[in-house]
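So you can see what is in the structure, the chains are spelled out below.
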Amino acid sequence: MYMSPSKPSSDRSTLTVIPARLASTRLPDKPLADIAGQPMIVHVWRRAMEAALGPVVVACADRAIADAVERAGGHAVMTDPAHPNGTDRVREAVLAVDPDGRHEVVVNLQGDMPTMDPDGLRAVAAAVSTPGFDMATLVVATDDPAERDNPNAVKAIVAFDPGRPRFGRALYFTRAAAPTGPGPIWHHVGVYAFRRSALERYAGLPPSPLEIRERLEQLRALEAGMTIAIAEIDALPRGVDSPADLEWARRHLGAQGART
């Protein structure tokens, strides 16, 4: 159920931050793309609010995004447009809205995931709260050969906990078809939860060799010895990276009556 808007406060331990910018090579201005009568970024903000984890803030590189979020009743923070990635944008927003570190967990939800299931956000926040983990992320199991062989489908190599179904520890992430042998692969879903101290550490690390080679930022954390929890969810939330993805999102959310 959709919750009424709220600004960041100190009454909940989880803060969700949605980084968003207009610059996009394949789909310019996509955070403002109309989906069932609302900008895409507003749909993403609503999915985060529906998760009911605590305060939600949109970390904006552009004033137009902030205006759209605020018109819908959300809270937006302007951040440096020169940030090289979304994690740096998230960190700046967290320091702005919670300088005293009252929120123990920070969820990083990408601004191009308007069909993200709120249950997935709850799952990643719960996973990072497990003792011994710095970060958490999500995977979906698939047997689709096209997914296995597609370098754009990032795979997680996971050591699952035999005593805790659908929960495990990330060993590696790759664009290659892995692991080999019979059985599913685990398609990585690019949603993260950080312990507050881990976010600070990660943001201060330089790009790592495997990160550069695979073009996967999460490998920076693994190379630095950080631990990443994995939660398995049932369905892959489809991000919007192309005009075809945008049309799919319009059909999907339009058929649902564009939850408000």
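Let us look at the structure shown here. Residue positions are counted from 1 within each chain, in the order its sequence is given. Owing to the predicted nature of the model, reporting of local features is limited to residues with pLDDT of at least 70; listing and counting of side-chain atom pairs is limited to 80 or more, with chain, interface and lining totals taken over all residues. Excluded from the side-chain calculation are hydrogens and water; included are all heavy atoms of the structure.

## A closer look at the overall build of the protein chain
Helix and strand assignments follow DSSP, with helices taken as H or I runs no shorter than four residues and strands as E runs no shorter than two, numbered in order from the N terminus. Across its full length, the protein chain carries nine helices and eleven strands. As a reference, a globule follows 2.2 Å times the number of residues to the power 0.38, and the radius of gyration itself is taken over C-alpha atoms. At 17 Å, the protein chain has a C-alpha radius of gyration in line with the 18 Å of a compact globule built from 260 residues. For the C-alpha atoms alone, the extent of the protein chain along its principal axes is close to 50 × 40 × 35 Å. Here the Shrake-Rupley method, with its probe set to 1.4 Å, supplies the accessible areas, and only the displayed protein chains count as covering residues. Approximately 11,500 Å² of the protein chain is accessible, and the part contributed by carbon and sulfur atoms is 52%. When charges are counted, neither His nor the chain ends are considered; positive counts come from Lys and Arg and negative counts from Asp and Glu. Each charge is placed at NZ for Lys, CZ for Arg, CG for Asp and CD for Glu. Once the 29 positive and 32 negative side-chain charges of the protein chain are each reduced to a mean point, those two points are 0 Å apart.

## Description of the pattern of salt bridges
By convention in these notes, a salt bridge is any Lys or Arg side-chain nitrogen within 4 Å of a carboxyl oxygen on Asp or Glu. For the coordinates displayed, the defined rule picks out 13 salt bridges. With its nearest N and O atoms 3.0 Å apart, the salt bridge here joins E200 to R91. With E200 in helix α6 (residues 196–203) and R91 in helix α3 (residues 86–97), this pair connects stretches of sequence that are 109 residues apart. Taking the shortest distance from any N to any O, the salt bridge between R220 and E211 comes out at 2.7 Å. You'll find R220 and E211 in the same group, each marked buried. Residues joined by salt bridges that share partners form a network here, namely K30, D112 and D241. Here's how the labels work: a residue is buried when its accessible area is under 20% of the maximum for its type, exposed when over 50%, partly exposed in between, all with a 1.4 Å probe on protein chains only.

## Overview of the pairing of strand β7 (residues 135–142)
Across the eight residues of β7, seven count as buried, placing the element largely inside the fold. Strand pairing requires that DSSP identify at least two bridges connecting the strands. Bridge count for β7 against strand β10 (residues 185–195) is eight bridges, and the pairing is antiparallel. Bridged to V140 within β10 is H187. Examined bridge by bridge, β7 and strand β11 (residues 228–232) share five bridges and lie parallel to one another. When the bridges of β11 are listed, V139 appears paired with E232.

## Considerations on the packing of α3 against α6
Interaxial angles span 0 to 180 degrees and are taken between N-to-C directions of axes, which are lines fitted to C-alpha atoms, for helices over the stretch in contact. Two numbers describe how α3 lies on α6: the axes approach to 10 Å, and their chain directions differ by 130°. Classed by the angle they form, the pair α3 and α6 counts as oblique. Of the two possible hands of crossing, α3 and α6 adopt the one that is left-handed. Residue-level contacts link T87, D88, V90, R91, V94 and L95 of α3 to R196, L199, E200, Y202 and A203 of α6. Angular relationships are summarised with four words: roughly parallel below 35 degrees, roughly antiparallel beyond 145, roughly perpendicular across 65 to 115, and oblique for the angles in between. Two helices cross in a left-handed way if the nearer one is turned anticlockwise from the farther one by less than a right angle. They cross in a right-handed way if the turn is clockwise. It only takes one pair of heavy atoms within 4.5 Å for two residues to be counted as in contact.

## Describing the layout of surface pockets
As defined here, a cavity is a set of points on a 1 Å grid over the protein atoms alone where a 1.4 Å probe fits but cannot get out. A pocket is an open set with protein on both sides within 12 Å along at least five of seven lines, and residues line them when an atom is within 4 Å of a point. Grid points are joined across faces, edges and corners, and a volume is the space filled by probe spheres set on the points. In this structure, the largest pocket occupies an estimated 2,000 Å³ of space. Lining the largest pocket are 46 residues, and of these R26, K30, Q110, D112 and D241 sit closest to its centre. If you list the elements that add at least two residues to the lining of the largest pocket, you get β1 (14–20), α3, β10 and α8 (218–223). If one sorts the elements of the lining of the largest pocket by residue count, β10 sits on top with six residues.

## Section: α3
Each residue after the first adds 1.5 Å to the expected span of a helix. Between its first and last C-alpha atoms α3 spans 17 Å; for twelve residues at 1.5 Å apiece the expected length is 16 Å, and the two agree. Here the buried face of α3 lies against β1, β4 (56–60), β5 (76–78), β6 (105–108), β10 and α6. Each polar contact in these results corresponds to two N or O atoms within 3.5 Å; when the atoms are within protein, one needs to be able to donate a hydrogen and the other to accept it, and residues that are neighboring in sequence are counted only if both atoms are side-chain atoms. A distance of 3.2 Å separates the backbone nitrogen of T87 from a side-chain oxygen at the start of α3, and that oxygen is part of N85.

## Thoughts on the packing of helix α1 (residues 40–51) against helix α4 (residues 118–128)
Their axes nearest at 8 Å, the elements α1 and α4 cross at an angle of 60°. Compared by their axis directions, α1 and α4 come out oblique. Like other packed secondary-structure pairs, α1 and α4 cross with a definite hand, here right-handed. Across from R47, A48, E50 and A51 in α1, the residues of α4 making contact are P118, L121 and R122.

## Comments concerning α4
The complete set of buried residues in α4 reads P118, G120, L121, V124, A125, A127 and V128. The elements touched by buried residues of α4 are α1, β6, β7, β9 (167–174), β10 and β11. Where α4 starts, the residue carrying a side-chain oxygen 2.9 Å from the main-chain nitrogen of D119 turns out to be D117.

## Considerations on the pairing of β9
Two elements, strand β8 (residues 155–160) and β9, share six bridges in a ladder whose sense is antiparallel. Bridge pairing in β9 places I157 opposite Y172. Following β8, the chain reverses through six residues before pairing antiparallel with β9; R166 in that reversal takes a positive phi of roughly 70°. The pairing of β9 with β11 spans three bridges and is antiparallel. For R169, the partnering residue across the bridge sits in β11 and is A229.

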